[in-house]
Amino acid sequence: MAAVTAKPSRYTPREWRNLRLGLLFVSPWILGFLLFTVYPLLASVYYSLTRYDLLRPPVFLGIENYTTLFTTDPHFWNVMYNTIYYVGFSVPLGVVAAFLIANLLNSRIVARSFFRTVIYVPAIVPAVASAMVWQFLMNVQYGAVNGVLRSFGLPIIPFLSNPAWAKPSLILVAIWAQGAAVVIFLAALQDVPRSLYEAATVDGAGGWRKFLNVTIPLTSPIILFNLIMGFITAFQEFTIPWLLTEGGPMNSTEFYLVHLYRNAFRFLRMGKASAMAWILFLIIVAFTLVIFRSSARWVYYGGDK
Amino acid sequence: MIRAASPTRPPSPFQVRLQGAAVTLVKYAILIPLTISFAFPLYWMVSSALKIDPQVYTIPPILLPMPVHPRNFIEGWQVLPFTRYAFNSIVLYTVPAVLFTVLSSTIVAYGFSRIRWPGRDTLFWFVVMTMMLPWAVTMVPLFITFKWLGWLDTYRPLVVPALFGHPYIIFLLRQFFMTLPEELSDAARIDGTSEFGILFRIILPLTKPALAVVALFRFIWAWNDYLGPLIYLRDETRYPLALGIEQLRQRANDIGNFSNGIPYLMAVSTIVALPIIATFFLAQRTFIEGISLTGLKG
């Protein structure tokens, strides 16, 4: 493969045929990639350098959108703080919770598939439906949680109506919907060879040592995978905060995508929204790279790599 | 602990069993409350759907509504044109999105796995990279483009891109196709079967479970999609169910509009969540296998 890429003239007729066929088969993707990824990416750079409200033609501003966001914009740093807070807690907590639950499910228990189902279903229920029930559950006056607290004479919790509680409440909802990560971890745990645990037992390792020295290293690639996918998703969380708190109270859940959406589709500031999108893109790329680089130190890829 | 106390003597069978029983007890002591808390919100959704207003606002909360009011499911559905929304969700969005995505992604995945051509694996890296691309970056320019095409208030912005394959589904199908032996295709090629013939007559019949997995995923994404319709659809008669629910909430929140607002909202949410939950139960194995595959070689 590597050899043939050097000079096209060296292709045999069969290779030519395969190249044509291969390109023919993947051509829908190539076309889609150009239309729905490459072009929008380039256009996004351009729009981010303009003021554009869809009604009048874009006005070129240079990097003003970016400098305004970083210096004088009254909301940007608050939005950034909210997002980092949300991502920083929900992803590590979610991954750790999913990992522990998967380990629990992987041990010898009865009715494993029942427990797995109950934990997984919240992940696939429509976000709108979950938002409705969580909003109802967490309501201050008539929510079930506060209803129970109240009937025991305990102080109520203003889950969604108090700025100090709103972010943790949304993190709770995010962890509740972590079932996919649990299933992925469970599959990885079931792939860990029995023989390794047996060998560890022979060496006198207890349950905790086996967890630390066998389970974690052998599932670390999947931990990395779930962490990265978790970060990418959490940075772009929109539906739950939009429906549960709409960015409030007092902008405490105005997360990145909520703010971006508001700017683009409520205020029609397409230029500013594009600049925000690019900043987010760079943050996510930087985050992913940092995790990947650090992963060399903690991810174990077995003997075959 | 036991070992440390008596290093020479192995623990007696009784001690081992006692320890085992303690571990089991702790396990279930964590697992059962955990499962209950995971299940509770959805249980609450269904049970509240069966209540009427006085039962909703009672303190302490009523765990088992007595008597039940199943009429909420019908009455709630009729507050807004939900049958219309269901039609939109199914016919205008989910069905075409699933068909288009599966068909196009199958063809593309075949090109990325069953034919050897120079540059294939390099190009596949771009597919993997687009899986990780934040969709927020392309959201605004795509909106501008679709608006320019006059596609606002139609399902085209949500459905037409599905004709060009979905990176995640291409990725999954490619992984499946790679597991099939090369000889299968070679034998057919010698017989003079075209590549399309091989794909549709030999490969696809062997990968039905894989197709089921990706079709299920795509169905869930389309059915649950909220942001897409929120951006592109303004005309209420075109709403899918996801936007319909939010519309119902707004109506229910306008106090005095009608009673049983929360039960209606919960009833409609239950109906909308039901196809997803039912599909999961019917195809549990397929599902779990598909998700498990996601993590492998990610």
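Residues numbered from 1 in each chain as written. Chains lettered and ligands numbered in written order. Predicted model: local features only at pLDDT ≥ 70, side-chain atom pairs only at ≥ 80, totals over all residues.

Q: Would you take a moment to explain the overall build of chain A for this structure?
A: Helix and strand counts for chain A stand at 13 helices and 2 strands. Its C-alpha atoms give chain A a radius of gyration of 25 Å, clearly above 19 Å, the size a compact globule of 305 residues would have. When the backbone C-alpha atoms are referred to their principal axes, chain A occupies close to 65 × 60 × 30 Å. Looking at chain A as a whole, 39% of its 305 residues are labelled buried. Restricting to contacts in chain A with at least 6 residues of sequence separation, those with at least 24 account for 68%. (Helix = DSSP H or I, 4+ residues; strand = E, 2+ residues; numbered from the N terminus. Rg over C-alpha atoms; globule rule 2.2 N^0.38 Å. Buried ≥ 20, exposed ≤ 12 C-beta atoms within 10 Å, placed from the backbone. Contact = placed C-beta atoms within 7 Å.)

Q: Looking at this model, I keep getting lost on the overall build of chain B. Mind explaining?
A: What chain B contains, in helices and strands, is 16 helices and 0 strands. In terms of C-alpha radius of gyration, chain B reaches 26 Å, well past the compact-globule figure of 19 Å for 298 residues. Along the first, second and third principal axes, the C-alpha set of chain B runs to 80 × 75 × 35 Å. A burial count over chain B gives 41% of its 298 residues as buried.

Q: Quick question: what am I supposed to make of the confidence of the model for chain B here?
A: Close reading of the predicted structure is inappropriate where its pLDDT is low. All names here are of chain B. For chain B, per-residue confidence averages 89 on the pLDDT scale, and residues scoring 70 or more make up 94% of the total. Every residue in residues 1-6 is under pLDDT 50, and counting partners more than four places away or in other chains gives 2 contacts. In the model output, the complex is listed with pTM 0.90 alongside ipTM 0.90. (pLDDT = per-residue confidence, 0-100.)

Q: What am I meant to see in the packing of helix 9 (residues 194-202) of chain A against helix 10 (residues 207-235) of chain A here?
A: Helix-helix packing: each pair is described by the crossing angle between the helix axes and the interaxial distance. Residues and elements named next belong to chain A. At their nearest, the axes of helix 9 and helix 10 sit 10 Å apart, and the two run at 140° to each other. The pairing of helix 9 with helix 10 is recorded here as oblique in orientation. Every pair of crossing elements has a handedness; the one defined by helix 9 and helix 10 is right-handed. Of the residues in helix 10, those in contact with Leu196, Tyr197 and Ala200 of helix 9 are Lys210, Asn213 and Val214. (Axes fitted to C-alpha atoms, helices over the stretch in contact; angles between N-to-C directions. Parallel < 35°, antiparallel > 145°, perpendicular 65-115°, else oblique. Left-handed = near helix turned anticlockwise from the far one by under 90°.)

Q: I would appreciate a short explanation of helix 10 of chain A in the present structure.
A: Because each turn of an α-helix spans 3.6 residues, side chains separated by three or four positions end up pointing in the same direction. Here helix 10 of chain A contains 29 residues, and its C-alpha end-to-end distance of 36 Å is more than 12% below the 42 Å for a straight helix at 1.5 Å per residue. Of all the residues in helix 10 of chain A, the buried ones are Thr215(A), Thr219(A), Pro221(A), Ile222(A), Ile223(A), Phe225(A), Asn226(A), Met229(A), Gly230(A), Phe231(A), Ala234(A) and Phe235(A). (Expected span 1.5 Å × (residues − 1).)

Q: Sorry if this is basic, but what is going on with the interface of chain B and chain A here?
A: A common way to state how big an interface is: give the accessible area lost once the parts meet. Between chain B and chain A, the residue contacts involve 78 residues of the former and 78 residues of the latter. Residue contributions to the side of chain B that touches chain A peak at 12 residues, all from helix 2 (residues 13-49) of chain B. In the side of chain B that touches chain A, the residues fall into 56 nonpolar, 15 polar and 7 charged. (Nonpolar A, V, L, I, M, F, W, Y, C, P; charged D, E, K, R; others polar.)

Q: How should the nonpolar core be read in this particular structure?
A: In terms of nonpolar packing, the biggest core is built from 150 residues, with Val182(A), Phe185(A) and Ala277(A) touching the most fellow members. It is helix 5 (residues 82-113) of chain B that contributes the most residues to this core, 12 residues altogether. Once residues within four sequence positions are removed from consideration, Ala277(A) is found in contact with Ser44(A), Leu260(A), Ala136(B), Val137(B), Met139(B) and Val140(B). (Core = buried A, V, L, I, M, F, W, Y, C linked by C-beta atoms within 7 Å.)

Q: I would appreciate a short explanation of helix 2 of chain B in the present structure.
A: Residue and element names in this part refer to chain B. For helix 2, built from 37 residues, the straight-helix expectation of 54 Å at 1.5 Å per residue is met to within 8% by its first-to-last C-alpha distance of 52 Å. Roughly 40° is the biggest bend found in helix 2, and it falls at Phe40, with proline Pro41 one to four residues downstream. When we look at burial in helix 2, the residues that qualify are Phe38, Pro41, Leu42, Trp44, Met45, Ser47, Ser48 and Ala49. (Bend = angle between axes of the 7 residues up to and from the residue.)

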